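# Structure at a glance
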Amino acid sequence: LSPSLANYASSQSWDGPRTGPVGQTSKSVIYIGSDFKNGGVAGVYRQFQVAAKELGWNVSRVDGKGDLAVLRKGFFDSVRSHPDGIVLGGFQADEVSDLITHAKKAKIILVGWHSAEAPGPTQDLFVNISTDAMEIASIAAQYAINIGHGKLGVVFFNDSRFDIANLKTKTMRKVIKQCKTCKVLSVEDLAISKAGKEVPAAVTRLNKKFGHAWTHTLAINDVYFDHINFPLKNVGRDDIVNISAGDGSQKALSRIRSGLSQQVATVAEPLSIQGWQLADELNRAFAGKPPSGYVTKPMLITTEVLQRVGEREIESRMGYREAYRAIWRGKPAATKDR
């Protein structure tokens, strides 16, 4: 498994970039989020906004509200307003491929968060920011096997619209199938944006179909578990264990910290760091430099780990703010946030 949060977040050293171009000031950037009800989309935006303020940028946001038509109109209007950069927050670049063509002609820099299957540059994006989806999925599935003592009946919650979600589900299924005493029961294709409606109905249907053979749920996003506790209680299934392979939303962290939720873990992305990384990668593009090549590491977050960390921000001791500030100011990087 990857290092636990306790080790990863308590490290004083910064494993990201230490050099790069100084801050490119007076830039305008639009962050287009797939759905700001998604904790990952919103969490990354909040930190991107903080980082962009330090660079003196003008940042605005567009909420796609989980509706492709709304998202496309927002993207179209954003391109017409001709900002210096656009962030694709949590949706596939190919959903707006025709509009991306216009953005490129207008020389608008495009970066993404969870906008492609893998981190790094793509044909359409200067860079896509995420952790390694296969690593996240492997950690989540292996943790389920460990705490279930190898006797699992697993239902997967996926959203097939997203390449990264499909890769996570494929990887988790592979890990579970390698466990001889574990069983894959079902893969449920549920839209994240409609989880509030689809999860309760799925719980009733799945419980009727599988009964107590269903012991664990593995999901590609925490949002599903925002809506699962009451439906599970309504069908008398307080025994089912839920684990998420992303993204570590504030709601998820709160319920895991309490120790009272049936969601016992999330394999989170360092959303705060990724928000600052979005700003840094855009800054490199504005300066005519290549991407940093940095890929953040996922974190296995459990009740035990969160109680050890306490109420402070999970990534607060990881030195990312001071490192990025130092780059943008053209000064030697510090190793610790102040």
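A brief report on the enclosed structure follows. (Residues numbered from 1 in each chain as written. Predicted model: local features only at pLDDT ≥ 70, side-chain atom pairs only at ≥ 80, totals over all residues. Heavy atoms only, no water.)

### Considering unusual backbone geometry
Going by this rule: Strands here mean DSSP runs of E at least two residues long; helices mean DSSP runs of H or I at least four residues long; both are numbered from the N terminus. Think of it in three bands: with a 1.4 Å probe and only protein chains considered, a residue is buried below 20% of the maximum accessible area for its type, exposed above 50%, and partly exposed in between.
The step from Gly246 to Asp247 runs through a cis peptide bond, and the omega angle for that step is 5°. Residue position: Asp247 is located in the loop between strand S9 (241–244) and helix H9 (250–258). With phi around 60°, Lys107 is a residue other than glycine that occupies positive phi space. If you trace the backbone, Lys107 turns up in the loop between helix H4 (97–105) and strand S4 (109–113). Since its relative accessible area comes to 71%, Lys107 is described here as exposed. A positive phi angle is found at His114, which is not glycine, with a value near 55°. Mapping His114 onto the fold places it in the loop between S4 and strand S5 (127–129). Given a relative accessible area of 6%, His114 falls into the buried group.

### Considering H9
Stated formally: Should any heavy atoms of two residues lie within 4.5 Å, those residues are counted as being in contact.
Of all the positions in H9, only Ala252, Leu253, Arg255, Ile256 and Arg257 are classed as buried. Buried residues along H9 sit against strand S10 (263–268), strand S11 (299–302) and helix H11 (303–309). Just downstream of H9, Gly259 is the residue with a positive phi angle, here 75°.

### Some thoughts on the state of the cysteines
Note the cut-off: Our working definition of a disulfide is a cysteine sulfur pair at a distance within 2.5 Å.
Tallied over the entire structure, the rule returns one disulfide. Between the sulfur of Cys179 and that of Cys182 lies a disulfide, 2.2 Å long from S to S. Between Cys179 and Cys182, the S-S torsion sits near 60°, and that sign places the bridge as right-handed. When its relative accessible area of 12% is taken as the criterion, Cys182 is described as buried.

### Details of the sheet that holds S5
Definition in use: Paired strands, in this sense, are two strands between which DSSP finds at least two bridges. Note on geometry: axes are lines fitted to C-alpha atoms, helical ones only across the stretch in contact, with angles between N-to-C directions running from 0 to 180 degrees.
Strand order in this open sheet of five strands is S2-S1-S3-S4-S5, and the pairing throughout is parallel. The open sheet is flanked by strand S2 (58–63) and S5, the only strands paired with a single partner. Adjacent strand axes in the sheet meet at a mean angle of 20° when their direction is disregarded. Bridge analysis of strand S1 (residues 28–33) against S2 gives six bridges, and the strand direction is parallel. Within S2, the residue paired with Ile30 across the bridge is Ser60. This element, helix H3 (residues 68–80), spans S1, S2, strand S3 (85–89) and S4 of the sheet and lies at about 175° to S1.

### A few points about the pairing of S9
Two faces make up the sheet, and in a regular strand the side chains alternate between them. Of the two faces of S9, the one lined by Val241 and Ile243 and the one lined by Asn242 and Ser244 are each fully buried. Relative to S9, strand S8 (residues 216–219) runs parallel, the two sharing four bridges. Bridge pairing in S9 links Leu218 to Ile243. Bridge count between S9 and S10: three bridges; the pairing is parallel. Residue Asn242 lies in a different strand from S10, and its bridge partner there is Gln263.

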